[in-house]
Amino acid sequence: MKILKDFLNLLFPENCFACNHALTAGEKTICISCLFQLPYTNHIKEPENELKNKFLSKLNFKFAGSLLYYKKEGIAKQLIKNLKYNNEPEVGHFLGNLMAQELNSTEKKDWFDTIIPVPLHQKRKKTRGYNQAEEIAKPIAEKLNIELNLDSVIRKIHNQTQTKVKSRERWDNVKDIFLVTKPENIENKNILIIDDVITTGSTIESLATEILKHKPKSISLLAVANASENAI
Ligand SMILES: [Zn+2]
């Protein structure tokens, strides 16, 4: 199998999903050079961070953090672009594995009962072929042995991208877009929400507000990256 794979690689070399250079044998998803340059935030180890502060006045997350910094032309942006727009769910698995590794090295690995990836509207999921947040969440659920909760919350409204909406209209644009359909899977649970990139935070605020109506024991948030609006 390995010989076949090496042979196929010669014919159709795979490229790094961050810098687009050809991958060499042994490299997967991204090249070694990009792997060493990943801009880690260290939020998982340092829970008082800018993402938690972003929500502080509105939501009391037990933990909120992102794995990477997001810059205008950075590695995180390239990876997210491939994950969301170029039909590459493998990038989600790669990022989810990194998040699982980080969580596993802290006491947080035991904090959560259930993982809820930010739901996509079914129309958007059908066009994209997958929900990128689910692809990120899969390896986290598997490695940490936490239930992956895919059908307890739905996104009932297909709204436009938040960054294109004026700030005063953002909350109106998202405030009732999610619906908990199985409250028994929320009540009294320690919930971890997984997202790709957080920009304005209003989508997460809307999702968390809907989840909180159904009395979870705690809610936490882990995203791949936290972006300022001018980095998108
Ligand atoms: Zn690279």
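Every value quoted in this text rests on a predicted model; they were computed, and no experiment measured them.

Before going further, it helps to spend a moment on the domain arrangement of the protein chain. Domain boundaries assigned for the protein chain yield domain 1 (1-37) and domain 2 (39-231). For domain 1 versus domain 2, the distance between C-alpha centres works out to 28 Å. Summed over both partners, the interface of domain 1 with domain 2 buries about 850 Å², with 67% contributed by carbon and sulfur atoms. A per-residue breakdown of the area domain 1 buries against domain 2 is headed by Phe17, Ala18 and Thr29, which together make up 59% of the total. At the junction of domain 1 with domain 2, the criterion picks out 1 salt bridge. For Glu90, the salt bridge identified is with Lys28, shortest N-O distance 3.7 Å. For the side of domain 1 that touches domain 2, the residue count by class is 5 nonpolar, 2 polar and 1 charged.

A few words on the side chain of Ser66. With respect to the helices and strands, Ser66 occurs in strand E1 (residues 64-69). At 3.4 Å, the side chain of Ser66 forms a polar contact with the backbone oxygen of Leu68. When near neighbours in sequence (up to four residues on either side) are disregarded, Ser66 contacts Thr41, His43, Leu51, Leu222, Ala223, Val224, Ala225 and Asn226.

This next bit is on the environment of Ile80. Relative to the helices and strands, Ile80 resides in helix H4 (residues 75-85). The sequence separation of Ile80 and Glu102 amounts to 22 residues, and the corresponding C-alpha distance is 19 Å.

What counts, and at which threshold
Residues numbered from 1 in each chain as written. Predicted model: local features only at pLDDT ≥ 70, side-chain atom pairs only at ≥ 80, totals over all residues. Heavy atoms only, no water. Domains from an automatic or database assignment. Buried area = accessible area lost by both parts, 1.4 Å probe. Salt bridge = Lys/Arg side-chain N within 4 Å of Asp/Glu carboxyl O. Nonpolar A, V, L, I, M, F, W, Y, C, P; charged D, E, K, R; others polar. Helix = DSSP H or I, 4+ residues; strand = E, 2+ residues; numbered from the N terminus. Polar contact = N/O pair within 3.5 Å; in protein donor to acceptor, adjacent residues only side chain to side chain. Contact = heavy atoms within 4.5 Å.

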